[in-house]
Amino acid sequence: MKKLQFILLSSLLSLMFSCKDTTPEQTLSLNFTSPADKWEETLPLGNGRIGMMPDGGIVNEKIVINDITMWAGSEDPDAFNPDAKEYLPEIQKLLLEGKNLEAQEIMYNYFKCGGQGSAFGNAKDAPYGCFQKVGDLDIEYLYNIDSGENDSVRNYLRNLSLNNAVATTQFEIRGIKYEREYFASHANDILVIKLTADKKNAISLELNLNRQERAIVNAEGNRLIMKGQLNDGHNGNNGVKYLTTVEVINKEGSLNSTGSTLQLTNADEALILISTSTDMLDKDYAATVENLITDAKKTSFKRLKQNHTDLYQEKFNRVELNLGEQDNNTSTDQRLIDFQENNDPAFAALYFQYGRYLMISGTNENSLPLNLQGLWSNQLQTPWNGDYHLNINLQMNYWPAEVCNLSELHKPLIDFTKSLIPSGEKTAKTFYGADGWVAHMMSNPWLYTAPGEHASWGATNTGGAWLCEHLYEHYSFNKDEEYLRSVYPALAGAADFFLSSMIKEQKNGWLVTAPSSSPENAFYLPGSSESVFVCMGPTMDVQIIKELFTNTLNAAEALGIEDITTKKIREAINQLPSMQISSEGYLQEWLEDYIEQDPEHRHVSHLYGLYPSNQISPELTPELAEAARKTLNRRGDGGTGWSRAWKINFWARLLDGDRAYKLLKSLLEPAFGSDVNMRSGGGTYPNLFCAHPPFQIDGNFGGTAGIAEMLLQSHNGYIHLLPALPQNWSEGSFSGLRVRGGAEIDAKWHNGLLTNAAIKANVTDSFKLMVPDNVNSVTINGKKINIEDGYISISLNKGDKADIKFS
């Protein structure tokens with residue numbers, strides 16, 4: 001068969017939108033006019049447990065299959081290094097004497113995990129393990145075209161609808177129109193592919209299910225069955241077991257099996273069902289696989305699709321963002337390129353909703369947390385093990401959860417945090433002789449909490465405390481005291497660790513963590529040319545611990561608790577270091593104003609207090625806010641994808657919409673390379689996945705959270721509408737975003753000025769709202785109310801709604 005030549009008709013991009021399953025305000029989709037040449041161009045589908053990424057190939061199509069529980073490795077008792085604690089007094093003594101290099105040398109050799117740890121991100125065959133793809137479904141399509149005929153493909157379109165979480169591939173060959181539909185059912189928990197043509201007997205293909213290792217594949221009747229067991233890292237038989245079944249249901253034609261291949265010939269249409277599971281969370285996984293595929297076969301394709309769409313849309317349709325009309329006549333990869341040169345506000349809205357789509361598709365209430373790649377991987381050794389990095393990346397995955405009205409999807413992270421406590425208690429005792437619980441820089445489904453294998457990055461011990469911020473944030477948005485009571489032990493236990501492990505530094509008598517590090521950044525001691533990571537009391541530690549202490553006290557007050565932990569916190573909280581501004585005006589990253597090894601480092605950890613915390617703001621701490629501004633200008637606007645996403649949120653908190661928008665453009669800079677690069681190459685791939693590089697999904701969620709932060713803030717105890725609106729978004733509206741205190745917010749603006757808003761109370765509460773400076777009259781539900789010192793207060797019962805008009 002001759003090489004296929006694509007005749008691309010851009011007008012076809014609008015054809016799909018005349019037959020939508022739903023009628024939302026906007027049609028939101030990713031569109032491509034050719035098959036994917038690489039994985040970062042394929043389309044992600046998922047239901048929070050399983051997923052797939054089809055490349056839309058004409059003759060040869062690869063569909064990568066994923067399961068969020070597909071993890072190698074197992075619990076690693078060797079990680080608890082019993083000798084580490086013996087070196088702690090000497091390390092702390094050296095740090096107090098300013099001998100950080102000597103302390104660091106001891107840590108490199110002795111104060112680290114036992115065993116291999118994360119094997120420096122290559123733990124596929126180590127106890128730590130790694131997230132892996134399930135395998136590949138390879139389909140070869142046969143078109144019965146003679147070699148002398150015109151083999152051109154016309155009107156090719158590959159599409160992912162965010163409105164209904166369904167992907168399609170369409171094209172014509174020799175006047176025959178082919179269509180493929182793909183979705184990961186949220187209702188039936190199965191992967192579904194339907195193949196159709198507008199001519200009878202036009203569908204012929206061969207299917208193979210492949211995995212490079214640890215797989216047995218057989219064809220049985222109309223099924224491909226793949227099963228195996230992953231490496232537990234101990235050369236034992238405790239690895240995760242998995243089973244994948246692919247079943248083909250054809251209309252007309254013939255279906256035969258040979259070895260491990262299914263062959264379908266001259267069918268009118270075909271339905272491919274993929275059921276897959278592991279025994280990580282489901283010990284009866286084999287029965288689950290069979291029951292899911294059996295139940296799906298009893299349901300028509302139309303009903304399968306409708307059930308899926310209905311359940312997905314219940315979450316997705318909660319929020320709308322309209323920044324202008326979507327351009328569905330230009331391919332997404334071209335829109336990404338064009339966004340650097342023009343202002344396409346609607347593309348920013350599409351990116352925002354894509355982040356919400358990825359969260360709904362990447363996790364669910366009963367699943368594991370989103371990992372470094374969410375739910376999706378095309379490798380057996382996923383970069384950095386596809387694990388949970390606790391020095392920002394896992395937490396960033398969940399920044400949009402509350403404000404973007406997906407609160408229940410916070411549950412996997414909350415459950416995971418609570419599950420870390422027993423391991424974290426053992427780590428606290430083993431390494432520090434301390435009370436409470438602690439987690440360091442990285443973790444995995446095996447509940448790893450020990451330090452990493454290298455202190456330059458593995459010594460950070462505030463990972464668990466940062467997770468606790470999410471425990472309290474969930475309460476802040478929902479005001480559920482029963483929930484708060486369930487997580488209070490986690491908050492108090494994390495606080496107990498620092499109360500029992502911090503030491504007093506000698507210069508100011510402050511309580512500080514020792515040893516620790518400012519994530520992955522190094523500095524130079526005075527007079528030294530050798531970089532050092534290990535330190536006492538870096539600014540981020542101080543900010544996280546102060547927040548943890550404050551949240552624990554607030555939770556205790558709400559629950560009527562007064563215990564030994566709250567007493568100790570009240571004694572210790574004022575002994576924490578103050579945030580310090582350097583002589584050059586920027587916020588110090590360490591206790592001393594050391595020279596950074598890399599002034600433009602991707603981590604901006606010492607601005608944790610600006611975002612996601614609320615310890616720095618232009619309104620309440622203007623001097624610290626100005627220091628944060630200077631810090632960001634020193635750091636620059638580059639960096640990895642997720643670093644750029646974090647900076648969007650920083651600038652939004654500093655109320656600088658145009659600078660936040662500049663960072664959004666930087667995040668959406670087209671990226672193409674997939675090799676690891678810690679300094680450059682960040683941006684966004686053609687399928688809108690974030691490029692670290694390689695792909696890391698945290699930047700997608702950080703970008704979505706950043707857009708929300710530009711439109712709505714509530715961290716200072718009041719609702720602030722359009723706090724960082726860029727000039728390019730002069731017209732727009734949103735609905736369904738959420739604020740702390742328990743309410744949903746709608747807003748509309750014209751010429752950059754707020755005109756209307758609405759507050760719907762999810763709990764009975766009083767809500768304080770900042771009135772824009774240009775407004776001199778406010779009506780609520782048609783009644784004019786008083787503006788007091790630039791604010792209005794509204795008391796609402798649960799379910800009530802206040803419609804607000806600004807004049």
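Residues numbered from 1 in each chain as written. Predicted model: local features only at pLDDT ≥ 70, side-chain atom pairs only at ≥ 80, totals over all residues. Heavy atoms only, no water.

### Here we look at the overall build of the protein
What counts here: For helices the rule is a DSSP run of H or I covering at least 4 residues; for strands it is a run of E covering at least 2, with both sets numbered from the N terminus onward. To get the radius of gyration, use the C-alpha atoms; to get the globule rule, take the number of residues to the power 0.38 and multiply by 2.2 Å. Only heavy atoms matter for contacts: two residues are in contact if any of them lie within 4.5 Å across the pair. Areas reported as accessible are Shrake-Rupley estimates using a 1.4 Å probe. Residue values count occlusion only from the protein chains shown. Charge assignment in this entry is limited to Lys and Arg as positive and Asp and Glu as negative, and neither His nor the chain termini are counted. Just so you know, the charge point we use is NZ for Lys, CZ for Arg, CG for Asp and CD for Glu.
Along the backbone of the protein there are 19 helices and 37 strands. At 27 Å, the protein has a C-alpha radius of gyration in line with the 28 Å of a compact globule built from 807 residues. If you line up the protein on its principal axes, its C-alpha atoms span 85 × 70 × 50 Å. In the protein, the proportion of contacts linking residues at least 24 apart, taken out of those at least 6 apart, comes to 69%. About 28600 Å² of surface is accessible on the protein, with carbon and sulfur atoms providing 45% of the total. Measuring between centres, the 70 positive side-chain charges of the protein sit 3 Å from its 100 negative side-chain charges.

### Description of the environment of Asn728
To be explicit about the condition: Under the rule applied, a polar contact is a pair of N or O atoms within 3.5 Å (in protein, one hydrogen donor and one hydrogen acceptor; residues adjacent in sequence only if both atoms are side-chain atoms).
As for its position among the elements, Asn728 is in the loop between strand E29 (720–721) and strand E30 (732–739). Excluding anything up to four places from it in sequence, Asn728 contacts Asn343, Pro345 and Tyr661. In this structure the side chain of Asn728 is engaged in a polar contact, spanning 3.2 Å, whose partner is the side chain of Asn343.

### A short note on the pattern of salt bridges
Rule in force here: When a carboxyl oxygen of Asp or Glu is within 4 Å of a side-chain nitrogen of Lys or Arg, the pair counts as a salt bridge. Classification of residues uses two cut-offs on accessible area relative to the type maximum, computed with a 1.4 Å probe and protein chains only: under 20% is buried, over 50% is exposed, and between them is partly exposed.
Under the defined criterion, the tally for this structure stands at 37 salt bridges. A salt bridge links Lys194 to Glu269; its shortest N-O distance comes to 3.9 Å. Placement of Lys194 in strand E10 (residues 191–197) and of Glu269 in strand E17 (residues 269–278) is noted, with a sequence separation of 75 residues between them. Residue Lys194 is classed as buried on the basis of its relative accessible area, which comes to 17%. Assessed through its relative accessible area of 26%, Glu269 is described here as partly exposed. A salt bridge links Lys801 to Asp746; its shortest N-O distance comes to 3.8 Å. Remark: Asp746 occurs in strand E31 (residues 743–750) and Lys801 occurs in strand E37 (residues 801–806); sequence separation between them is 55 residues. Taken together, the shared-partner salt bridges in this structure form one network comprising Lys62, Lys133, Asp136 and Asp138.

### A few points about the nonpolar core
The line we're drawing: Remark: nonpolar core denotes a set of buried residues (Ala, Val, Leu, Ile, Met, Phe, Trp, Tyr, Cys) joined through side-chain atoms within 4.5 Å.
Core analysis: the biggest nonpolar cluster contains 239 residues, and Leu137, Leu721 and Phe734 have the highest contact counts within it. Among residues more than four places away in sequence, those in contact with Leu721 are Leu711, Leu712, Phe734, Ile745, Ala747, Leu754, Ala757, Leu769 and Phe806. Within the second largest apolar cluster, ten residues are counted, among which are Ile190, Ile293, Phe301 and Leu304.

### Re the sheet that holds E31
What holds strands together in a sheet is hydrogen bonding between their backbones, with the strands either parallel or antiparallel. To keep it simple, the criterion reads: We treat two strands as partners when DSSP finds at least two bridges between them. Here the axes come from fitting lines to C-alpha atoms, over the contacting stretch only for helices, and the angles between their N-to-C directions go from 0 to 180 degrees.
Taken together, seven strands build an open sheet; the order of strands is E18-E30-E31-E32-E37-E34-E35 and the sheet is antiparallel. Each edge of the sheet is formed by a strand with only one pairing partner; in this case those strands are strand E18 (320–322) and strand E35 (783–785). In this sheet, adjacent strand axes meet at a mean angle of 25° when their direction is disregarded. By the bridge criterion, six bridges tie E30 to E31 in an arrangement that is antiparallel. Bridging from a neighbouring strand, Ser733 pairs with Lys748 of E31.

### What to know about the packing of helix H4 (residues 301–316) against helix H6 (residues 345–362)
For clarity, the threshold we go by: Roughly parallel refers to an angle under 35 degrees, roughly antiparallel to one over 145, roughly perpendicular to one between 65 and 115, and oblique to any angle outside these ranges. Crossings are sorted by hand: turned counterclockwise from the far helix by less than a right angle, the near helix makes the crossing left-handed, and turned clockwise it makes it right-handed.
One can describe the packing of H4 onto H6 by two numbers: an axis separation of 10 Å at closest approach and a directional angle of 125°. Comparing the axis directions of H4 and H6 gives the class oblique. Like other packed secondary-structure pairs, H4 and H6 cross with a definite hand, here right-handed. In this structure, H4 contributes Tyr312, Lys315 and Phe316 to the contact, and H6 contributes Gln353, Arg356, Tyr357 and Ile360.

### Comments concerning the pairing of E37
Consecutive residues of a regular strand have side chains that alternate between opposite faces of the sheet. Across the two faces of E37 the burial differs, with Ala802, Ile804 and Phe806 buried and Lys801, Asp803 and Lys805 not buried at all. Bridge count for strand E34 (residues 778–780) against E37 is three bridges, and the pairing is antiparallel. Within E37, the position partnered with Thr779 by the bridge is Lys805.

### Describing the side chain of Arg635
Take Arg635: it is sitting in helix H16 (residues 622–635). Separated by 3.3 Å, the side chain of Arg635 and the backbone oxygen of Pro599 make a polar contact. A distance of 3.2 Å separates a polar atom in the side chain of Arg635 from the backbone oxygen of His601.

### Thoughts on the environment of Leu688
With respect to the helices, strands and loops of the structure, Leu688 is situated in the loop between strand E26 (683–684) and strand E27 (690–691). Judged by its relative accessible area of 0%, Leu688 is buried. Filtering out sequence-adjacent residues up to four positions away, Leu688 remains in contact with Leu30, Thr332, Leu336, Phe347, Tyr351, Tyr354 and Asn700.

### Quick word on the packing of helix H1 (residues 88–96) against helix H2 (residues 100–109)
If you want to describe how two helices pack, look at the angle between their axes and the distance between the axes. The N-to-C vectors of H1 and H2 enclose an angle of 160°; their axes lie 7 Å apart at closest approach. When the axes of H1 and H2 are compared, the pair comes out roughly antiparallel. Relative to H2, H1 is oriented so that their crossing is left-handed. In this structure, H1 uses Glu90, Ile91, Leu94 and Leu95 to contact H2, whose residues at the interface are Asn100, Glu102, Ala103, Ile106 and Met107.

### Some points on the pairing of strand E36 (residues 791–796)
Covered by surrounding structure in E36 are Ile792, Ile794 and Leu796 only, the residues Tyr791, Ser793 and Ser795 on the alternate face being uncovered. Pairing of strand E33 (residues 765–770) with E36 involves six bridges; the strand directions are antiparallel. Within the sheet, the bridge partner assigned to Phe767 lies in E36 and is Ile794.

### Notes on the environment of Pro618
Mapped onto the secondary structure, Pro618 falls in the loop between strand E25 (595–596) and H16. Considering only alpha carbons, one finds Pro618 and Leu654, 36 residues apart in sequence, at a separation of 6.2 Å. Once you skip the residues sitting within four places of it in the chain, Pro618 turns out to touch Ala625, Arg653, Leu654 and Leu655.

### Side note on the side chain of Thr42
Checked against the element boundaries, Thr42 lands in the loop between strand E2 (29–32) and strand E3 (45–46). A distance of 2.6 Å separates a polar atom in the side chain of Thr42 from the backbone oxygen of Trp39. Aside from chain neighbours lying at most four places away, what touches Thr42 is Ala36, Met53, Pro54, Asp55, Arg158 and Asn687.

### Remarks on the sheet that holds strand E4 (residues 50–54)
Strands sit in the order E3-E4-E5-E6-E11-E16-E15 across an open sheet of seven strands; the sheet is antiparallel. In this open sheet, the two edge strands, each paired with only one partner strand, are E3 and strand E15 (254–258). The pairing of strand E5 (residues 60–67) with strand E6 (residues 135–142) spans six bridges and is classified as antiparallel. By the bridge assignment for E6, Val64 is matched with Asp136.

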